[in-house]
Amino acid sequence: PARAYLKCIKGHTAYESCERCSVRGTRVERRIVFSEQEGTSRTDDSFSRVEYSNHQTGISPFIAAGIPCVSSFVLDYMHVVCLGVVKRLLVYLTRGPKVCRLSVRQKDAISQKLIALRGKMPSEFARQPRGLHELDRWKGTELRQFLLYTGPVVLRTVLSPEKYQHFLSLTVSMSIMLESDERIRNAYLQYSLELIKHFVMCCADPYGKTFPVYNVHALIHLQEDASHLNCSLNDISTYLSVQMQ
């Protein structure tokens, strides 16, 4: 909401809410979902000339200041991925549609595996794992820990092979974009994009047609920031600002 207010654009629940491309969402069961992967890329010049009438609601003060309103506004992976996609995925697995909802036994198995890791995590982790019964209270760091470290371990024998491979495509893609070594990151960025597009393109199959909302669609644009700014997503995330405070 703050970004939409500052840039004078429509919010994340609008049909043409994507900040990076002109893809148009559709309404499915009272949600705006993005079944198409991406549309025509938005440019700073077109934005400054207020050419996106279905996306812009007015003239942003940043335009007068000469600040590029497309390329210079990064997509924060803490909100898009961790608090957005990862939590949505876990919510769908625990209490979502029948097509993807796990059984009580499966949920208990995941929780037991997570709780068994308590006290065994390296000191670099700020929080110890909690069970799925406390999912609504998980913080961003816990969701990041699940995405990159504990999730691939605790889900391996519980999810179906198709769902597990789908989850791994997100994990590996994000690991590449978060890599601090510039040489390694740049060598695999294209592969990261292919993985994330696969995740987005196939997400409706295991989780239902209401799953690909704004945050899920925004995944395919994260690689643009890592490439354009030539840095790890860790260096341009809200996690970094919280650590500095």
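Presented here is an overview of the structure given in this document. Please read these numbers as outputs of a predicted model, since none were measured by experiment.

Rules used in this analysis
- Residues numbered from 1 in each chain as written.
- Predicted model: local features only at pLDDT ≥ 70, side-chain atom pairs only at ≥ 80, totals over all residues.
- Heavy atoms only, no water.
- Core = buried A, V, L, I, M, F, W, Y, C linked by side-chain atoms within 4.5 Å.
- Buried < 20%, exposed > 50% of the residue type's maximum accessible area, 1.4 Å probe, protein only.
- Helix = DSSP H or I, 4+ residues; strand = E, 2+ residues; numbered from the N terminus.
- Contact = heavy atoms within 4.5 Å.
- Axes fitted to C-alpha atoms, helices over the stretch in contact; angles between N-to-C directions.
- Parallel < 35°, antiparallel > 145°, perpendicular 65-115°, else oblique.
- Left-handed = near helix turned anticlockwise from the far one by under 90°.

A few words on the nonpolar core. Counting residues in hydrophobic clusters, the biggest one holds 50 residues, and the most contacted among them are Val81, Leu90, Phe146, Leu170, Met174, Leu219 and Leu222. Listing elements by their share of this core, those giving two or more residues are α4 (77-95), α5 (104-116), α6 (140-154), α7 (161-177), α8 (182-202), α10 (214-218) and α11 (222-228). Top contributing element to this core by residue count: α4, with 10 residues. In contact with Leu90, other than residues within four places in its own chain, are Leu132, Leu135, Trp138, Leu143 and Phe146. Of all hydrophobic cores here, the second largest spans 8 residues; its members include Ile9, Phe47, Tyr52 and Val70.

Helix packing geometry: the angle between the two helix axes and the distance between the axes. It is at 8 Å that the axes of α7 and α8 come closest, and there the two elements cross at 150°. One finds that α7 runs roughly antiparallel with respect to α8. Classified by chirality, the crossing of α8 by α7 is left-handed. Residues His166, Ser169, Leu170, Val172, Ser173, Ile176 and Met177 of α7 pack against Arg185, Tyr188, Leu189, Tyr191, Ser192, Leu195, Ile196, His198, Phe199 and Cys202 of α8.

Shape descriptors only; they carry no functional weight alone.
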